[in-house]
Amino acid sequence: MRKAALIILIIVTLVLLFYQLTPKPIKHFVNAVTKTVKLLDKDSLTIASRVNTPKGFERVSYPKGSFQEYLRHYNLKPFGSKIINYDNSEYYWQKGHIGILEVPVPKNGLQQCADALIRIRSEYLWDTNQKDKIGFNFTSGHYCSWSKYAKGYRPKVNGNKVTFNKTAREDYSKSNFYKYLNLIYMYSGTLSLYNELNAITQIQDLKIGDMLILGGSPGHIVMITDEAINSKGQKLFLLFQGNTPAQSVHLVKNLEDMTISPWYDLKMNAIIPVSNYTFYNSKFVRFK
């Protein structure tokens, strides 16, 4: 009995000694969490108002009405909202985000990672009366525009061969626009976007709306939704993503550097972990 008590006393003493001799890592962790909390305004319901810039940084300005400003001020659900799959179930991992974008998730399961970004880009063009610019390549390389779809042209897909024929009446309605997007979701993805879009090869050229991409089947893609800069020209970025299965579009944490999270210090051709996915060779593209 005495021996057991002595062993317990020794263990307790060693634990207390460990914490006394190693306060720095614990203090560093507490400071990191504190700094992260200070960057968030949990009561705010847009990306720009919810996330503050780190000390010494300020947001890069963009023209009013631009795609960049549209993304920066995108509406968010209340803080703490969960990522929901297309079938209304909760996504299994809820620890990688600090905001859910107000983007509906269709019950058909088609709106996956690339599709969510295609939707956001297309809705911006629709809302700003640039509908003639809405169009995307299929993975086969064939271009499918909203304007042709609205006129009644539909694709006939036979393997990699695609032909378009007028088989439907003209319909320029918003509901038909979303039917068009469902078609794009079926035949486009990260691979088609990677092959279709302009590559960004210099990190200093990155801006809001550009995308970090791995083109493939499966691949993945995330979008830059905000940008900050300091006096030395160093830039930081915020990122959001959709996912597979189709689910809520969410603003991601930076789990690798909690001192600046949710901001990212992006690098070209680098390994970049983003929430529950890792890009092992970062490549960036931009919508035309």
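Look up: the structure comes first, before these words.
Summarised in this report is the structure supplied together with it. Bear in mind the structure is a predicted one, so any value in this text is a computation, not a measurement.

The rules we used
- Residues numbered from 1 in each chain as written.
- Predicted model: local features only at pLDDT ≥ 70, side-chain atom pairs only at ≥ 80, totals over all residues.
- Heavy atoms only, no water.
- Core = buried A, V, L, I, M, F, W, Y, C linked by side-chain atoms within 4.5 Å.
- Buried < 20%, exposed > 50% of the residue type's maximum accessible area, 1.4 Å probe, protein only.
- Contact = heavy atoms within 4.5 Å.
- Helix = DSSP H or I, 4+ residues; strand = E, 2+ residues; numbered from the N terminus.

Counting 69 residues, the largest nonpolar core has Leu101, Tyr180, Leu193, Phe240, Leu266 and Val274 as its most contacted members. With near-sequence residues (within four places) excluded, Leu266 lies in contact with Ile203, Leu206, Ile224, Phe237, Leu239, Ile272 and Phe284.

All right, on to the environment of Val285 then. With respect to the helices and strands, Val285 occurs in strand β14 (residues 283-286). Accessibility expressed as a relative area gives 2% for Val285, which makes it buried. Note: C-alpha distance between Val285 and Asn195 (90 residues apart in sequence) is 9.5 Å. Beyond its immediate stretch of four places on either side in the chain, Val285 contacts Leu197, Asn198, Ala199, Ile200, Asp210, Met211 and Ile213.

With an omega of 5 degrees, the peptide bond running from Ser217 to Pro218 counts as cis. Pro262 follows Ser261 through a cis peptide bond whose omega is 10 degrees. With respect to the helices, strands and loops of the structure, Pro262 is situated in the loop between β11 (250-252) and β12 (272-274). You will see that Ser275, though not glycine, has its phi angle at about 55 degrees, which is positive. Within the element layout of this structure, Ser275 appears in the loop between β12 and β13 (277-279). Residue class for Ser275 comes out buried when judged on its relative accessible area of 15%.

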